[in-house]
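Reading the structure
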Amino acid sequence: MSEGVQRVGVVGGGRMGAGIAEVCARAGLDTVVCEVDAVAARAARDRVAASLDRAVGRGKLERAAARDALDRTVFTGSLDDLADRQLVVEAVVENADAKTEIFAALDKIVEDPAAVLASNTSSLPVMRLGMATSRADRVLGLHFFNPVPVLPLVEIVSSLHTTPATVAVVEDFSTRVLGKTVIHSRDRAGFVVNALLVPYLLTAVRMAESGFATAADIDTGMELGCAHPMGPLKLVDLIGLDTVASIAESLYDEFKEPLYAPPPLLRRMVEAGLLGRKTGRGFHVYGRD
């Protein structure tokens, strides 16, 4: 890919996938978003359009640029439409089996043997995803942060098979094309950010669970006492309680450290469908997106 990445595919059009697609389209890239079916693809388009409108409303983007970004993005319900992509970023639910199945399918569909297959996983082993393909040397983790159009960081995670050339292509793409800041991590559960962040979030959940303090007071304490832009339980709600639980389970499975174990309250709330902002209720109550 001597000319650099020009054609990008994103699998999954939820909050993260839509955000990844948006930053790619705003960077002038030919972008295709694949969802499970045409209905979900339309919902993904609406999600990207709404985010672009918010950027215009905040004065961060010209109306014409927003229109151009949406026009250059294709939304589809078929993985086959990713056949000509040079980089595909998987951004589906944080579930190892689901992600592995997608990587096995992409390996057969994406035609260019030099194409890179990347996962936006928060914590799952990149090696497992790479070994589901015939091109493990071209597979890596490319972990964006929510909201993708706003937060400047990406983590690049190399497995034991990922080549330096693959890392170099994705780092150039992330920094020069998308304008992100890159940090690197070895292929271990949680990578850099979540290995540090998630124990803190779980401690806040345990504090609320024990009745030691209310969710509101825990968040206010960290916002005003430690100058955090968002309290830990608000952050859990933003990330999604199901995603936080999945990351915690991955961390605990790998390291068997008690601080990584998902608290019972977190598990019960996930079972109840109280997943945070995306469902309108988590540790706090929200209007539905």
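For the structure itself, consult the block above.
Let me sum up the structure you'll find in this document.

Parameters at a glance
- Residues numbered from 1 in each chain as written.
- Predicted model: local features only at pLDDT ≥ 70, side-chain atom pairs only at ≥ 80, totals over all residues.
- Heavy atoms only, no water.
- Helix = DSSP H or I, 4+ residues; strand = E, 2+ residues; numbered from the N terminus.
- Expected span 1.5 Å × (residues − 1).
- Buried < 20%, exposed > 50% of the residue type's maximum accessible area, 1.4 Å probe, protein only.
- Contact = heavy atoms within 4.5 Å.
- Phe/Tyr/Trp six-rings, centres within 6.5 Å; stacked < 30°, edge-to-face > 60°.
- 1 Å grid on protein atoms, 1.4 Å probe; cavity = no way out; pocket = protein on both sides within 12 Å on 5 of 7 lines; lining within 4 Å.
- Points joined across faces, edges and corners; volume = space filled by probe spheres on them.
- Nonpolar A, V, L, I, M, F, W, Y, C, P; charged D, E, K, R; others polar.
- Polar contact = N/O pair within 3.5 Å; in protein donor to acceptor, adjacent residues only side chain to side chain.

Brief notes about helix α7 (residues 193–209)
In a regular helix each residue adds 1.5 Å, so 17 residues correspond to 24 Å; α7 covers 24 Å between its end C-alpha atoms and thus fits that length. Among all positions of α7, only N194, A195, L197, V198, P199, L201, L202, A204 and V205 are buried. Against β6 (139–144), α8 (215–225), α9 (232–239), α10 (241–255) and α11 (264–271) lie the buried residues of α7. Two residues or fewer after α7 comes G211, characterised by a positive phi angle close to 80 degrees.

Focus: unusual backbone geometry
Of the consecutive residues N146 and P147, the connecting peptide bond is found in the cis state with omega at 0 degrees. Residue position: P147 is located in the loop between β6 and β7 (153–158). We note that A227 has phi near 60 degrees; this positive angle belongs to a residue other than glycine. As for its position among the elements, A227 is in the loop between α8 and α9. By relative accessible area, which is 64% here, A227 ends up exposed.

Some details on the packing of aromatic side chains
What the rule picks out here adds up to 1 aromatic pair. Arranged with centres 5.8 Å apart and planes meeting at 45 degrees, the rings of F255 and Y260 form a pair that is tilted. Note on F255: relative accessible area 27%, which makes it partly exposed. Relative accessible area serves as the criterion here: at 10%, Y260 is assigned to the buried category.

Section: the layout of surface pockets
Looking at the second largest pocket, its volume works out to about 160 Å³. In terms of lining residues, the second largest pocket is bounded by 13 residues, among which A96, L124, E249, S250 and D253 are the most central. It is α10 that provides the largest number of residues to the lining of the second largest pocket, a total of 5 residues. When its residues are assigned to classes, the lining of the second largest pocket shows 4 nonpolar, 4 polar and 5 charged.

Brief notes about the side chain of T76
With respect to the secondary-structure elements, T76 resides in strand β3 (residues 73–76). What makes T76 buried here is its relative accessible area of 8%. Within the structure, T76 has its side chain in polar contact with the side chain of D81 (distance 2.4 Å). Those residues within four positions of T76 in sequence are excluded, and the remaining contacts are V32, V33, C34, E35, A41 and D81.

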